[in-house]
Amino acid sequence: VIQLDLGKIKLNKDVFGIRELINEVISVSTAMNKNSVEIHYHVEPIVPEYAYSDRSRVKQILINMMTNALHNTKRGEVSLVVGATLINLDLEDQHAPVAYGANQYNITFTVNDTGCGIAEDRWKTLFKPPEIANHSGIGLRVSNLLAKKLGGSVVLKHSVVGKGSCFEFSITVYEEEPPVIDRKTLRTLGGKKVLIIHETDDKIAICKSMEKYGIVCCLASSYNEVLLLHMDKTYDAVLCDTTASCP
């Protein structure tokens, strides 16, 4: 905590997939769900696919928030909702990416639970040491310090004793393009077999791009087609478009 207070912690920022990160957080949360409460999550369509920030720190904060919610919820549910608001930018913004054409978003991660709740007279001390009882992981105070280091914050939106709480982690990020794999790495994939499931003819262009590096591609337009024609075959990887009928 002292290291965070003094601003000595180092951030490792890079481009990462937001939805992929959320899937990992939900997977970890499900494994920690000792009370077998329902876990729900939703990522709003406006949320960009990729962003630039410290992935491990964002994940650490979210897992801590979910851990706290699950720990304090004996029955009912815990939910994680990811939303975004597009921010109007000055085109001369000195902090914009070099290949600027991306939008800037305020991303919100909202965790709701139907747990024990927090008394109102304790709200002001939530983010100050010592932390309230029944909160584990890296703690609310440290989560908020990490969030501030990332340019965001963790706040208590509301809480009712006996009914549950709502915490929100917000951060401002630039929308980014998917991380690019260098050609040297692509060449190591030569001979690998990949199944591409895509409803449109885009899969043909994707296949041609991959074949340049020796990757063997097989195409399918739907999951039903996979069941009919490809179930007896083995692939090193499967690429599935989000609009296709995938399992």
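Residues numbered from 1 in each chain as written. Predicted model: local features only at pLDDT ≥ 70, side-chain atom pairs only at ≥ 80, totals over all residues. Heavy atoms only, no water.

Draft legend 1. Highlighting the sheet that holds strand β5 (residues 104-113). Spatially, 5 strands are ordered β2-β4-β5-β7-β6 in an open sheet, and the strand pairing comes out mixed. This sheet does not close on itself; its edge strands, each paired only once, are β2 (38-43) and β6 (153-160). Here the average twist between neighbouring strands, direction ignored, is 15°. The sheet contact formed by β6 and strand β7 (residues 164-174) spans 7 bridges and is antiparallel. Of the residues in β7, the one forming a bridge with S159 is S165. Contacting β2, β4 (77-87) and β5, helix α2 (residues 18-31) crosses the sheet at an angle of about 175° to β2. (Pairing = 2+ DSSP bridges. Helix = DSSP H or I, 4+ residues; strand = E, 2+ residues; numbered from the N terminus. Axes fitted to C-alpha atoms, helices over the stretch in contact; angles between N-to-C directions. Contact = heavy atoms within 4.5 Å.)

Draft legend 2. Seen up close, the packing of aromatic side chains. All told, the structure shown has 1 aromatic pair when counted by the stated rule. Consider the rings of F109 and F169, whose centres lie 5.3 Å apart with planes at 20°: the pair is stacked. In this pair, F109 is assigned in strand β5 and F169 in strand β7, connecting sequence segments 60 residues apart. Here the two residues F109 and F169 agree in accessibility, since each one is buried. Cation over ring: K193 sits above Y235, and NZ or CZ is 5.4 Å from the ring centre. (Phe/Tyr/Trp six-rings, centres within 6.5 Å; stacked < 30°, edge-to-face > 60°. Buried < 20%, exposed > 50% of the residue type's maximum accessible area, 1.4 Å probe, protein only. Lys NZ or Arg CZ within 6 Å of the ring centre and 35° of its normal.)

Draft legend 3. Region of the structure containing the packing of α2 against helix α3 (residues 55-71). The interhelical angle for the contact between α2 and α3, taken along N-to-C directions, is 35°, at an axis separation of 10 Å. Remark: the crossing between α2 and α3 carries right-handed chirality. Residue-level contacts link E20, L21, I22, E24, V25, I26, V28 and S29 of α2 to R55, V58, K59, L62, I63, M66 and L70 of α3. Taken together, the residues of the contact of α2 with α3 sort by class into 10 nonpolar, 1 polar and 4 charged. (Left-handed = near helix turned anticlockwise from the far one by under 90°. Nonpolar A, V, L, I, M, F, W, Y, C, P; charged D, E, K, R; others polar.)

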